[in-house]
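# Summary of structural features
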Amino acid sequence: MVDEEHLNDVEAFVPNSVAMGGSGEGSLKGRTFVAKDLFSLQGHRSSFGHERWRSTGAAATVTSPILTHMLDAGADLVGLTKLDQLAYSLIGNVGEGAPPRNVLDDRLFCGGSSSGSAAAVAAGLADIGLGTDTAGSIRVPAAACGLHSIRPSHGLIEPDGVIPLAHSFDVVGVFGLQASIIADVLKVLAPGADKITEPPKVKFAADVFDEADAQTARIGRAAASAAADVMGGPFEETEFGEFTSTDVGDLFARLQGREIWSNHGPWVAEHGSSLAEDVRMRLERCERFSQDPDRAQQNDRAERLAYTRSLRVAVEPGTVVVLPVMLRHGPMRDWDDRQLAQFRSECFRLAAPSSLTGAPQAVFSVHRDGDPRSVGVGLLAAPGGEFRLLEVMAMLGDDARATGMGFG
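Let me sum up the structure you'll find in this document. The structure presented is a predicted model; accordingly, all values stated were derived computationally and were not measured.

The next point concerns helix α6 (residues 179-189). Most of α6 is tucked away, with eight of its 11 residues classed as buried. Every buried residue of α6 is listed here: A179, I181, I182, A183, V185, L186, V188 and L189. On the buried face of α6, the contacting elements are α3 (65-72), β3 (128-133), β4 (148-151), β5 (171-176) and α13 (386-397).

What follows is about unusual backbone geometry. For the bond from G112 to S113, the omega torsion is 5 degrees, close enough to zero to count as cis. Locating S113 in the fold gives a position in the loop between β2 (76-81) and α4 (115-122). The linkage connecting G330 with the following residue, P331, adopts the cis geometry, with an omega of -5 degrees. On the secondary structure map, P331 appears in the loop between β8 (319-324) and α12 (337-357). With a phi angle near 50 degrees, F48 is a residue other than glycine that sits in the positive phi range. Of note, F48 is situated in the loop between β1 (32-36) and α2 (51-56). The backbone of L86 shows a phi angle near 55 degrees, a positive value even though the residue is not glycine. If you trace the backbone, L86 turns up in the loop between β2 and α4. On the basis of relative accessibility, which here comes to 1%, the residue L86 falls in the buried class.

Taking 1.5 Å as the rise per residue, helix α10 (residues 277-290) with 14 residues should run 20 Å; its terminal C-alpha atoms sit 20 Å apart, in good agreement. Regarding α10, the residues found buried are V279, R282, L283, C286 and F289. Down the axis of α10, the buried side of the element spans an arc of 105 degrees, and every buried residue falls inside it. Buried residues along α10 sit in contact with α9 (246-271), α11 (294-314) and α12.

A separate point is the packing of α9 against α12. Close contact between α9 and α12 brings their axes to 9 Å; oriented N to C, the two are set at 65 degrees. In this structure, the crossing between α9 and α12 has a hand that is left-handed. Every residue of α12 that contacts α9 at T246, V248, G249, F252, A253, L255 and Q256 is listed here: F348, R349, A352, S355 and L356.

Reading across the sheet, the 10 strands line up as β2-β1-β3-β5-β4-β9-β10-β8-β6-β7 and stay open at both edges, with mixed pairing between neighbours. If you trace the sheet from one side to the other, it starts and ends with β2 and β7 (235-238), each paired once. Going across the sheet, the axis of each strand differs from the next one's by a mean of 25 degrees, ignoring polarity. The pairing of β4 with strand β9 (residues 361-368) spans three bridges and is antiparallel. Its bridge partner being in β9, R151 is matched across the sheet by Q361.

Our next topic: the side chain of S117. Among the secondary structure elements, S117 is positioned in helix α4. Its relative accessible area of 0% is what places S117 among the buried residues. Within polar-contact distance, the side chain of S117 engages the backbone oxygen of L130 at 2.9 Å. The contacts of S117, once residues within four sequence positions are left out, are V34, A35, K36, T81, K82, G129, L130 and F175.

Quick notes on the rules
- Residues numbered from 1 in each chain as written.
- Predicted model: local features only at pLDDT ≥ 70, side-chain atom pairs only at ≥ 80, totals over all residues.
- Heavy atoms only, no water.
- Buried < 20%, exposed > 50% of the residue type's maximum accessible area, 1.4 Å probe, protein only.
- Helix = DSSP H or I, 4+ residues; strand = E, 2+ residues; numbered from the N terminus.
- Contact = heavy atoms within 4.5 Å.
- Expected span 1.5 Å × (residues − 1).
- Arc of directions from axis to C-beta.
- Axes fitted to C-alpha atoms, helices over the stretch in contact; angles between N-to-C directions.
- Left-handed = near helix turned anticlockwise from the far one by under 90°.
- Pairing = 2+ DSSP bridges.
- Polar contact = N/O pair within 3.5 Å; in protein donor to acceptor, adjacent residues only side chain to side chain.

Listed below in structure tokens is the structure:
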């Protein structure tokens, strides 16, 4: 499927990776895919981003239906890909072995935690990358590696056979260089999904883009204007910062952290010393959040419900909100710990509207002439709007490698 030298050069795959041929028939016949090493595959020990997890866990007794559906639809599995430790990072630098290489720009990490899947697709080792997204783990790698992607509505794809991080935020997502191929995959994994029929509208989150670097803001505005044109709907600027504020990020961190500790606290208590320092420190914070008084935890759950209601007023069915995925190019390999932490924090709160409410968000990547890096433009819709987002992306520029013209 791929030559061994190229596979090793990209550093995308786990040491005990597995390849499997598909059925040879179906809508994905002739396509290849990779899967983040947290999908169960019978007889395989998942790493969950860390060799200690693999050594302390048992081999899977069943294969995730997600992988089975892909294989049955004719796609060939190229291999299982690296991820950041316990799927708990947005950088792509703390997985098993050497970090995956970003072929778009060697100066960049791939973004996390679905770093290996993004690296493999960007390098041409597979047509499709499967990963998970809790707080940006599909969206950030897509933007960093110059890929299109979709984080579908929460629960649209049943996560059977997927190791959870924080269950009420976890979503199975898809990378690709073509939006049309991502749509084909989504039809296989969520065949009963409805399509939005409401009149289209595009909202440009001007105040959030004001925080971003000039190139990101310019490209975001051009993409929003073009999206309104191809959809045949109105374009308007909107104030959206209330949904991506520091307070929202703090709420998200508390809610997510408690779920993470509930899922993995016992394992971390026993094996946490083997984790990277920044991952371990954030897990210690998760433990502290889990010890908050019941009243504080109830208040946070109520605040999440209120946030969700407010967002669904702002993002009606049919509406596409254009947001940045990153405020600046990154994550750079030469950044120090402070810079990486700042980048993670920025991306985390930008991911909150989708993650907290279960709304779908796509990443439309725009490549620029003379600049190896890309800009990932986030497209947010109301729950159930993932196919509209993919249709818009296909009209704007189906091939992520050829979307530089006309976007600022």
